[in-house]
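A look at the structure
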Amino acid sequence: MRTTKAARVIAVVALVGLVISLTAAWSRLDPPSPVPEREAGPPAVSTNVQAPRDLPPVAKPPWPSETRQSPSTGSPPVVGRDDAGLGAFAAQAPARPVRIRMASTRIDARVRPVGVASDGQMQLPPNPRVMGWYRYGPAPASGEGGSVVIAGHLDSNRFGLGPLVRLRDIELGESVQVAMSDGTMSTYTVERVQRFDRRGLPATLFSRTGPERLRIVTCGGAFDAEAGGYQQNLVVTAVPSGR
Amino acid sequence: MRRTAAVATTAGLAALLAAPMATAQAQSQGDATVSVLHGVPGLTVDVYANGEEILPDFEPGTLTDPLTLPAGTYDLQVFADGDTPDSADPAIEASGVEVPAGANATVVAHLDADGNPTLTPFVNDTSSTAAGEARLTVRHTAAAPGVDVRADGEVLFDNLTNPNEASGDVPAGTYSADVVLTGTEDVVLGPADLDLAEGTSTIVYAWGSAEEGNLDLAVQSIDGLHSAPAGVPGGEAGLAPESQGVPAWALGLGLTSALALAFAGRQLLPSRARR
């Protein structure tokens, strides 16, 4: 009798275990999230990324044009002209992003301006709790459009796992807030979640023209130390809300 | 480096490219982008192209916006302010300047090494720059001997002479630039802080006359040449890999559960059979 009872308990527990494992396997094989996923593959531009081609436009001098003159008389066409002196050619320091917040995934990270590393890749702050803004590209609400790229490490040997591990859980329609150095705030709505092969990130991700987009980038996919670490990039694209 | 010779007040201006000279500008197979820089000190001028005035009251040290011109051949004449083709001879003249379709060029009115006014067309390099880099081009258009261009104290371009240019791509950033007589420490221009913006070609012209003591710098910039970074790193420790298939714990649990179920089944079924 005793063995029969014990066997029944074991049977029930085992059945529950089977159900749990099957559920886990099922959910992994067929993700419930409706986001378009793109697995490792050729570096073709995803059809979802629709930034226009980044053609080098005709030069437009950035300096002010207070010396512009109009022709004194007659018919000659008006040709703009500017002081070409060094004084008219000064660097500008527009507002930059300092913090990014995604409340739904409990991500709240400081943002630092970053450039390009010696290997030609985007430079990232070593601490995964701090994200980097690609300072050569557009800033939020700059009025010039293009892709605002903010990226961070998923983890690091020195600092461990960072909050961006939860970026995988972000859902379409959720809100992203970016605080700027001038005290203003830009709010975006998640429009797209994509995965790209790490070596096949489309250049349009960094487009400096077209409508304004926020691109939040980190790593994803399998980890293969032999092949340089994580094999994918997770790219969350968000559009300005209410603007 | 491109070397272009130009002779003032003659009709012998070299073609922008080695294309055969055409006699009319009618062949518009496309447009070209042309800017004009005035680098002759103390002379306000009117600029004519093919007999029509295009730039009245053009003052030294100014640069025009990029003009979109039909490709073709242009006769350029520069008159002292107030003079016209009917009333005077041009101060500078260049005939048969070839402007090829798609070209981006800057025509500079400047002094040659001996102090005579001349016109020199330069072709601007608008090829892409690598991510994080900026292009610096220096053009010697001053009545001065050969110079070295230094950035942050190091010689970047050496022995640059009128009317030649030197160019290179450097990491974007601000540099302290100066110009010295070749092989010496005699600073003739600068030092000046030069902000070289990423993905932008910054073209610096040395103009004026060393003898007259009015050497100066002029700057032109062409943006939109940037490229995207090669990629985004994103992690190094492998603490949060995403497996593509069934997670290991689910496999283990499933296997253990199946074994336990089989064991329990063996215990239960035979005992029932015994009754």
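Everything numeric in this text was worked out from a predicted model, so none of it was measured.

Many structure descriptions define interface size as the accessible area lost when the parts assemble. Counting from both sides, the interface comprises 66 residues of chain B and, opposite them, 74 residues of chain A. If you tally residues by element for the side of chain B that touches chain A, the top one is helix α1 (residues 248-274) of chain B, at 14 residues. In terms of residue class, the side of chain B that touches chain A is made up of 34 nonpolar, 24 polar and eight charged. Bridge analysis of strand β1 (residues 81-83) of chain A against strand β4 (residues 62-64) of chain B gives three bridges, and the strand direction is antiparallel. Pairing of Arg 81 of chain A across the sheet is with Thr 64 of chain B, part of β4 of chain B.

Pro 163 of chain B follows Asn 162 of chain B through a cis peptide bond whose omega is 0°. Note that the residue after Gly 190 of chain B, namely Pro 191 of chain B, is joined by a cis bond; omega there is 0°. Residue Ala 141 of chain A is not a glycine yet carries a positive backbone phi of 50°. Judged by the 19 C-beta atoms lying within 10 Å of it, Ala 141 of chain A is partly exposed. The backbone phi angle of Asp 57 of chain B is positive, close to 50°, even though this residue is not glycine. Looking at the secondary structure, you find Asp 57 of chain B in strand β3 (residues 52-58).

On to the nonpolar core. Counting 102 residues, the largest nonpolar core has Ile 150 and Val 236 of chain A together with Val 47 and Tyr 205 of chain B as its most contacted members. Apart from the residues within four sequence positions on either side, Tyr 205 of chain B is in contact with Leu 37, Gly 39, Val 108, Arg 139, Thr 141, Leu 217 and Ala 218 of chain B.

Residues and elements named next belong to chain B. If you trace the four strands from one edge of the open sheet to the other, you get β12-β11-β14-β15, paired in antiparallel fashion. Bordering the open sheet on either side are β12 (154-160) and β15 (187-196), each of which pairs with just one other strand. When strand polarity is set aside, the average angle formed by the axes of neighbouring strands in this sheet is 20°. Here strand β14 (residues 173-181) runs beside β15; their pairing, made up of seven bridges, is antiparallel. Residue pairing across strands places Ser 176 opposite Asp 193, the latter belonging to β15.

Residues and elements named next belong to chain B. Judged by pairing direction, the sheet is mixed, and its four strands sit side by side in the order β13-β10-β16-β17 without closing on themselves. Looking along the sheet, the strands with just one partner apiece sit at the ends: β13 (165-171) and β17 (216-222). The average undirected angle you get between the axes of adjacent strands in this sheet is 20°. Bridge analysis of strand β10 (residues 133-143) against β13 gives seven bridges, and the strand direction is antiparallel. Among the inter-strand pairings, Leu 136 is bridged to a residue of β13, identified as Gly 168.

With that out of the way, let us pick up the environment of Ser 167 of chain B. Residues and elements named next belong to chain B. Following the sequence through the fold, Ser 167 ends up in strand β13. A sequence separation of 31 residues divides Ser 167 from Leu 136, and the C-alpha atoms of the two residues are 5.6 Å apart. Leaving out residues up to four positions away in the same chain, Ser 167 has contacts with Asp 125, Arg 135, Leu 136 and Thr 137.

As a further point, take the pairing of strand β9 (residues 117-123) of chain B. Residue and element names in this part refer to chain B. In terms of burial, β9 is a largely internal element, six of the seven residues being buried. Pairing between strand β8 (residues 104-111) and β9: seven bridges, direction antiparallel. Of the residues in β9, the one forming a bridge with His 110 is Thr 118. Between the antiparallel neighbours β8 and β9 lie five residues, among them Gly 115 with a positive phi of about 95°.

Attention now goes to the confidence of the model for chain B. Residues and elements named next belong to chain B. Per-chain confidence: chain B averages 83 in pLDDT, with 85% of residues scoring 70 or above. Predicted confidence is poor over residues 1-28, with pLDDT under 50, and the contacts of this stretch with residues over four places away or in other chains come to 71 contacts. Scoring the predicted complex yields pTM 0.72 and, for the interface, ipTM 0.71.

This next bit is on the pairing of strand β9 (residues 185-197) of chain A. Residues and elements named next belong to chain A. Bridge count between strand β8 (residues 175-180) and β9: five bridges; the pairing is antiparallel. Opposite Ser 175, over in β9, you have Thr 189 as the bridge partner. Two successive antiparallel strands, β8 and β9, enclose a turn made up of four residues, where Gly 183 displays a positive phi of approximately 90°. Where β9 meets strand β11 (residues 229-240), nine bridges bridge the pair, whose relative direction is antiparallel. Residue pairing in the sheet places Gln 194 in a bridge with Val 235 of β11.

The rules behind these values
All residue numbers refer to position in the chain's written sequence, counted from 1. Whichever chain is written first becomes A and whichever ligand is written first becomes 1, with later ones labelled in order. Given that the model is predicted, a residue must reach a pLDDT of at least 70 before its local features are reported, and side-chain atom pairs must reach 80 or more before they are shown or counted; all residues, however, enter totals for whole chains, interfaces and linings. C-beta atoms are placed from the backbone for every residue, and two residues are taken to be in contact when these atoms lie within 7 Å. Per the convention used, a helix needs a DSSP run of H or I reaching at least four residues, while a strand needs a run of E reaching at least two, with both numbered from the N terminus. Gly is placed with the polar residues, together with every amino acid not listed as nonpolar (Ala, Val, Leu, Ile, Met, Phe, Trp, Tyr, Cys and Pro) or charged (Asp, Glu, Lys and Arg). At least two bridges found by DSSP between two strands are what make those strands a pair. Residue burial here comes from a neighbour count, namely the number of other C-beta atoms, placed from the backbone, that lie within 10 Å of the residue's own C-beta, with 20 or more meaning buried, 12 or fewer meaning exposed, and in between meaning partly exposed. Under the definition applied here, buried Ala, Val, Leu, Ile, Met, Phe, Trp, Tyr and Cys residues are grouped into a nonpolar core through C-beta atoms within 7 Å. Axes here mean lines fitted to C-alpha atoms, for a helix over just the part in contact, with angles spanning 0 to 180 degrees between N-to-C directions. Each residue gets a pLDDT score, which is the predictor's confidence in that residue and runs from 0 to 100.

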